[in-house]
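Examining the three-dimensional arrangement
Here are the chains, one letter per residue:
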Amino acid sequence: MESLSWLPLFMQLVLLGPQEALVPSQIRVFVVPHHHVDMGWLHTIQESMQAYVTDIYASVVEDLTHNEQHRFIIVDQEFFRLWWDGVASAKQKLQVHELVAQRRLEFVLGGQVMHDEAVTHIDDQILQLTEGHGFLYETFGIRPQFSWQVDSFGASATTPTLFALAGFNGHVISRIDYDLKVAMQQKQEMQFVWRGSRSLLAQQEIFTHVLDGNGYCSEGFVFQDQRMDEMFTPSDMTVSKDNLQMYTEKLLNNAWKRFIFFQTEHVLWPWGCDSQFFNASAQFANMDHLMNHINSLTPNTGVFLEYATLSDYFQAIHSKHMSWKVRNQHDFLPYSSDVLHSWTGFYASRSGLKGLARRASALLYAGESMFTRFMLAPHRSLDPAWALQWLQQLRWAVSEVQDHYAITGTHTPNVRDMFEEHLSTGMQGVRKLMASIIQDRSPVLSGPEPEGHRAVVYNPLAWTVTTIVTLTVDFPEVNLTDETGNPVTAQVQNSKEMPSAYDLLVLTTIPGLSYRYYIIRPTRRAQKDTQETGASVGSTNHFDRRPRKNHRQVVRRLVHVENDCYTVFLDKDTNLMHSIWERQSNRTIRVTQEFMEYYNHHGWDQESISDNSVFTPNGTAKPAWAAVEMEILEGQLVTEIRQYFYRTVDDRDPTYTIYSRLARGPPGADGELLCHRIEQEYRVGPLELNREAILRTSTDLNTGRVLYSDNNGYQLQRRAYKHYEANAIARNYYPMTQSAFIQDRQSRLVLLSEQAHGVSSQGSGQMEVMLHRRLWNNKQGNSSDDLTLNDTSVVQSVLWLLLGTRTLTRDLGPRSGVALQHRPVVLIPDLSETIQVPPDFQQQEAVTLPPSLHLQILSIPGWTYNLNHTKHLQNLQKGHQGQVKVDFRRVLLRLHHLYEKGQHPVRSQPVTVNLQSVLRGLGSVVSVEERSLTGTWDVSTLHRWSWKIRDGHQHGGSSHHPLPPHGGPNITIHPKEIRTFFIHFEKQ
């Protein structure tokens, strides 16, 4: 036996043990070559493409073509698609097709990006997956079956559910709390079956692998030509006779350390990292030399290395038929890399971009359904290709901003500018499309006077929505009529944004996927005595600026405002909210709200300081205001409370503002959601340097510091306060993508958000939302890379506050959250054009779903692939794919049951709908085909792997509910299910 003195001591003991242990391939190391490209971070997409992405794909394809033993996995599709569409030659494309067919080049994850899991919304996660999967299936006929979520900052319990629905068989994560990972490694619990949904349980479970403490990078094994550029990982020494033993020891030691954390002899060894493999031949040549040498020692070491894809590794694990521990619906959030670095700051970093991304997503959602309705009904000429181009541009922009270095705000200002430009351009295009559709679909209306306006309001939800829509006008005396000429209930008041303008508040009830048309005119003074009805004008009460007081008064001077559900009491001595009386429970809850700030300045030489990713406060939050002014605008429809918070008593402009509205809607179910919410808009900033701003809502609810916050707008997690020796404030912060609440035995206070924030409960009865951050520090790398988050902007955000019994809020919360995300879209048509409309025009029939079901998407995706998988592959082999035209009568429909099992006595029941009946307003349904989440699988052919769990049973695999014979229209959707269909409509 060759001398083993150079091996680590623990490995020598193993090798010098009983001879039966020294069998060949005792440890099988799967070397998985990969590269990682951040969609932004330090450099724009174009900069990254020019600098190294193009070289990576060209180099990898060239090397794999000439070396059959080599393998490679590709993760993100946006960079690959840019290379494929704009750079790759016909020869390279043919080589890629061959490598994919040989399963030596494998696409994993397959989305446009590796999305963040903390602050992304489920709808946007599905969108970016669908975009990437559609491209891969249309181009190569493949469907990714394994994930690679190795760089997102924490892991959500929503993700395994989505990946199971997409047809994945294995899930890989990496960044979880450092101390939890250590504990899991010691217990060999780094692999498990994850049941991400408490309602779906085994139905949508997935086998999950957590990368060990080494992460996804293989430091010390970068064998590429050195480039003197900060964008590249420095190269290590090439493998030679002189250093071969050093490299051998290093790799074997690394493989053995990984091996002891897992239960099988199969070791997943990721080889690669950020911006690697731009010289693939050099990388592989060095690794070939090293692996060949190590494999020559296998009889002595019991270690064998082989190049592999993720599919190779998971197939080896699956073939062991072992029993695995089950992990329930709990997530891996927040993520801390060590005791002083809790990655909870990014929940609120670049809040403006987070808001823009969600608004873009909401506009896309509305544009998709509006275009689908338009194409399925008789219409004038509109170029479908032009329309799809605009939709595709916004789909792409919304998808790319879901990246873990994009929506998180953990990038440089020039990258932020790029994302904002892409989103804004895409939104502008979709608004053009929607305006064109409106011109076609509008009824014949008597033209407004020259100074008047026409407004069209579109409800993109498949429910009837009653709400208040705000329009801006430049005259205070307003006459408002609908498309029939009937007067409309409205209220006019001074604009909160522009001193010379007015807010016109319109009470509207709009059926699902339908429009309301309004003509807005100035009231004609000569006809004031006629029956013309104008919008009501509210009264304004002004309350002088009140300084913050530290002492408590025994007697409070209160003023109240109310609607049919709430009475809000305000303290005239402080101009702050005092309490809320809720009608149904007949209970008054103390509720106060104030802006506070965490100060961040630990000294320039310390590492424990906040940055765009990390939150490390220097003590508890302090009040950020010295005085408050208040106005109450009371009207027939809405009472609006305007509170202005000043940093100093003498400041001219407020740093913080809250606009709170209580609306008076119609009685009954139509006005239920509108009545049971207090709509709040915020203006925050500009902040002083090294401040992190929160809105703290304090109540007298006895909550025991237990908070509930959502995973990606899909499900809620219970967040009990945890005590830590250090950094406890930051480690008790959680992402709030759409909702959070606190409760006691009787009542629940819910906050719903239109965008992502950080949320925490630092005290019983308290809930604080981080709204904005402005930071600068001289930590190594931050200042040189411009990652200091010196954000001087004023951010705007919307929260809806719900207060009531648990039963009431369980019912209204999920629906209200969706209603906030997808508020009606207001369009102002171009009045300069003469509209020619057929005389038989009539409003299209509404599309209405039961209250428990949400129309998650209704779109014409524009894919050209044949739905029959065999025929699609044949078309690809014959090169016919590019000749197929888009079928504009193939519609992608996705339905989501909003409620958990047992959450509500009525809403949590399974819901059966007849798709032919529900979709009658769109057209005549010819056939219904159920698909996987991203549309690439026919669910009748999707059979996921099953895994044994430690209760002795086999679980997993196919989980769809077969449709009735011949694709019948009746479907039943169970709690928390998301089901996807292709609906084929009859041509009209």
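Residues numbered from 1 in each chain as written. Predicted model: local features only at pLDDT ≥ 70, side-chain atom pairs only at ≥ 80, totals over all residues. Heavy atoms only, no water.

Put simply, the rule is: UniProt positions are given in the numbering used here, feature names are shortened, and annotations may be inferred rather than shown by experiment.
Per an unreviewed UniProt entry, the recorded name for the chain is Alpha-mannosidase, and the organism is Odocoileus virginianus. UniProt annotates the chain under Sequence similarities (unreviewed entry) with the comment "Belongs to the glycosyl hydrolase 38 family."

Some words on the packing of helix α5 (residues 122–140) against helix α6 (residues 158–165)
Between two packed helices, what matters for the description is the angle formed by their axes and the separation of those axes. As a reminder of what qualifies: Axis lines are fitted through C-alpha atoms, for helices just across the contact stretch, and the angle between N-to-C directions can take any value from 0 to 180 degrees. Helical segments are the DSSP runs of H or I of at least four residues, strand segments are the runs of E of at least two, and each set is numbered from the N terminus. Angle categories are assigned with fixed cut-offs, so that under 35 degrees is roughly parallel, over 145 is roughly antiparallel, 65 to 115 is roughly perpendicular, and the rest are oblique. Here is the rule for handedness: rotate from the far helix to the near one, and if that takes an anticlockwise turn smaller than a right angle the crossing is left-handed, while a clockwise turn gives right-handed. Between two residues, a contact is recorded if the distance between any of their heavy atoms is within 4.5 Å. The residue classification treats Ala, Val, Leu, Ile, Met, Phe, Trp, Tyr, Cys and Pro as nonpolar and Asp, Glu, Lys and Arg as charged. All others, Gly included, are polar.
Remark: α5 packs on α6, axes separated minimally by 11 Å, with the N-to-C direction vectors making an angle of 40°. In terms of their interaxial angle, α5 and α6 are classed as oblique. α5 and α6 meet at a crossing whose hand is right-handed. Of α6, the residues touching α5 (which contributes Ile122, Gln125, Ile126 and Leu129) are Thr158, Leu162 and Phe163. Of the residues assigned to the contact of α5 with α6, the class counts are five nonpolar, two polar and no charged.

Re the side chain of Arg773
We count it as follows: Under the scheme applied here, a residue whose accessible area is under 20% of the maximum for its type counts as buried, over 50% as exposed, and between as partly exposed, the area being computed with a 1.4 Å probe on protein chains only. We define a polar contact as two N or O atoms separated by no more than 3.5 Å, with the added condition that, inside protein, one atom must be a possible hydrogen donor and the other a possible acceptor, whereas residues neighbouring each other in sequence contribute only through side-chain atom pairs.
With respect to the secondary-structure elements, Arg773 resides in strand β37 (residues 766–774). Judged by its relative accessible area of 0%, Arg773 is buried. Reaching out from Arg773, the side chain makes a polar contact with the backbone oxygen of Val614 at a distance of 3.0 Å.

What about the nonpolar core?
Filter applied, for reference: Note on terminology: a nonpolar core comprises buried Ala, Val, Leu, Ile, Met, Phe, Trp, Tyr and Cys residues joined through side-chain atoms within 4.5 Å.
Ranked by size, the top nonpolar core spans 143 residues in total, and within it Phe80, Trp271, Met287, Phe371 and Leu919 carry the most contacts. Top contributing element to this core by residue count: helix α12 (residues 351–376), with 13 residues.

A short note on the pairing of strand β28 (residues 656–663)
As a reminder of what qualifies: Strand pairing is assigned whenever DSSP identifies at least 2 bridges connecting the two strands.
Of all eight residues in β28, eight are buried; the element is thus mostly enclosed. Residues Tyr656, Ile658, Ser660 and Leu662 line one face of β28 and the alternating positions Thr657, Tyr659, Arg661 and Ala663 line the opposite face, and both faces are buried. Sheet analysis places strand β27 (residues 638–646) next to β28, joined by eight bridges and oriented antiparallel. Across the sheet, the residue bridging to Ile641 is Ser660, located in β28. Pairing analysis gives six bridges linking β28 to strand β29 (residues 678–684), with the strands arranged antiparallel. Bridge pairing in β29 links Tyr659 to Glu681.

What about the confidence of the model for the chain?
Where we set the bar: What pLDDT expresses is the predictor's confidence in each residue, scored from 0 to 100.
Summing up the model confidence of the chain, the mean pLDDT is 90 and the portion of residues at 70 or higher is 89%. The low-confidence segment residues 13–25, where pLDDT is below 50, has 15 contacts with residues more than four positions distant or belonging to other chains. In this model, residues 831–841 is a region of pLDDT below 50 whose contacts with residues beyond four sequence positions or in other chains number 15 contacts.

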